Structure formats: structure tokens, C-alpha cells
Amino acid sequence: MFTHVMIGSNDLERARSFYDATFAALGGRAGKMDERGRLIYSHAGGRLMITKPIDGNRATAANGGTIGIAAASRDQVLAWHEAGTTHGGTAIESPPSERPNGAFVAYLRDPDGNKLTARTPPAK
């Protein structure tokens, strides 16, 4: 359905440190800066793009928005959460845990305040 998700950042190098670490924990590669100054992560057919806002205003996090990131295992979710908190992210909501549907989830805010979750698929 989606081709990509684009979020804003006020400090692309700080964002790079956070996202390089969290995507590495999930088996992804480091982001690449394109010719327009956007930081791009591609993994398993999805793309996350991070940019300074083109209108020149400060980037702000979506109120009510969450970006969900697929993880293959509980260990990947825990590694993602640890990498995120080590690289400027903030743990939010409950500690990493299993949900009633069997999915294992963790939540973070990135250094710019964007809300993220890494999760395994629900149990079958």
C-alpha cells in the first residue's frame, strides 16, 4: 500500500546515529544520504526517509502517530529497544512485552520525538 514513510528531523546526524543503530539491530543496513539531503533506509521492501522540513520550520512529531517496524523475533525487538535507548531514543509506554495476541512489542520515541514501535507478528 505505501511506498515510503517520511518524517522530519532537526538534526540529521543525530537521527542517523539512532536509526543506523536500531535498524542494524533488526538486520538492516545503515542509511544513505541522497542528493537532496534526505536520509534513506530501505529494508525488506519498505523505505523510511528522514529529512529537514522543506518549509524551513522545525520538525515536530505527529500527535497520535506511530510508525510500526517489523521484527522477526523477540530478541530483535529487545535489541532494537536497547539500540534505540543507547543512541538517544526514549523508552515509552510499557517495557517490551508480549501482547494478548502473541505479538512481542516495544515502544520508543526517536531523538526528534517520533513515536516508533518494533513488533513481531501475532501468534497464529
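None of these values were measured; they are calculated from a predicted model.

Q: Just to check I follow, could you spell out the overall build of the chain for this structure?
A: Counting its regular elements, the chain contains 2 helices and 9 strands. What you see in the chain, going N to C, is helices and strands ordered as β-α-β-β-β-β-α-β-β-β-β. For 124 residues, the compact-globule estimate of 2.2 N^0.38 gives 14 Å, and the C-alpha radius of gyration of the chain, at 14 Å, lies within 12% of that figure. With the C-alpha coordinates of the chain rotated into their principal frame, the extents come out at 45 × 30 × 25 Å.

Q: What exactly am I supposed to notice about the pattern of salt bridges here?
A: Think of it this way: side chains of opposite charge can pair up when their charged atoms draw near. All chains considered together, the criterion is met by 4 salt bridges. Between Arg16 and Glu13 there is a salt bridge; the shortest N-O distance is 3.6 Å. In this pair, Arg16 and Glu13 are both assigned in helix α1 (residues 12-25), 3 residues apart and thus about one turn of the helix distant. With a shortest N-O distance of 2.9 Å, Arg14 and Asp112 are connected by a salt bridge. Of this pair, Arg14 sits in helix α1 while Asp112 sits in the loop between β8 (104-109) and β9 (115-119), and the two are 98 residues apart along the sequence. Residue classification places Arg14 among the partly exposed positions, given a relative accessible area of 34%.

Q: Teacher, can you tell me more about helix α2 (residues 74-86) here?
A: An α-helical turn contains 3.6 residues, so a residue and the one three or four places further along point in the same direction. Compared with the 18 Å implied by 1.5 Å per residue over 13 residues, the 18 Å span of α2 between its first and last C-alpha is a close match. Along α2, the positions that sit buried rather than exposed are Gln76, Val77, Trp80, His81, Ala83 and Gly84. Here the buried residues of α2 occupy an arc of 165° about the axis, which is enough to place them on one side. Facing away from the buried side of α2 by over 90 degrees, the exposed positions are Asp75 and Thr86. In this structure, the buried residues of α2 make contact with α1, β5 (67-70), β6 (90-91), β8 and β9.

Q: Mind showing me how you'd approach the sheet that holds strand β3 (residues 39-43) here?
A: Pairing between the strands of a sheet is mediated by backbone hydrogen bonds and can be parallel or antiparallel. Sheet architecture is open: 4 strands sit in the order β1-β4-β3-β2, paired in mixed fashion. In the strand order of this sheet, the two ends are held by β1 (5-8) and β2 (32-33), each with one partner. Pairing analysis gives 4 bridges linking β1 to strand β4 (residues 46-51), with the strands arranged parallel. Bridge pairing in β4 links Gly8 to Thr51.

Q: Quick question: what am I supposed to make of the nonpolar core here?
A: Buried together is how nonpolar side chains tend to be arranged in soluble globular proteins. Counting 21 residues, the largest nonpolar core has Tyr19, Phe23, Tyr41, Leu48, Ile50 and Trp80 as the members making the most contacts within it. Those elements giving two or more residues to this core turn out to be α1, β3, β4, β5, α2, β8 and β9. A per-element tally of this core places α1 first, with 5 residues. Those residues in contact with Ile50, other than ones at most four positions away along the chain, are Met6, Ile7, Ser9, Leu12, Ala15, Tyr19, Arg38, Leu39 and Tyr41.

Conventions used here
Residues numbered from 1 in each chain as written. Predicted model: local features only at pLDDT ≥ 70, side-chain atom pairs only at ≥ 80, totals over all residues. Heavy atoms only, no water. Helix = DSSP H or I, 4+ residues; strand = E, 2+ residues; numbered from the N terminus. Rg over C-alpha atoms; globule rule 2.2 N^0.38 Å. Salt bridge = Lys/Arg side-chain N within 4 Å of Asp/Glu carboxyl O. Buried < 20%, exposed > 50% of the residue type's maximum accessible area, 1.4 Å probe, protein only. Expected span 1.5 Å × (residues − 1). Arc of directions from axis to C-beta. Contact = heavy atoms within 4.5 Å. Pairing = 2+ DSSP bridges. Core = buried A, V, L, I, M, F, W, Y, C linked by side-chain atoms within 4.5 Å.

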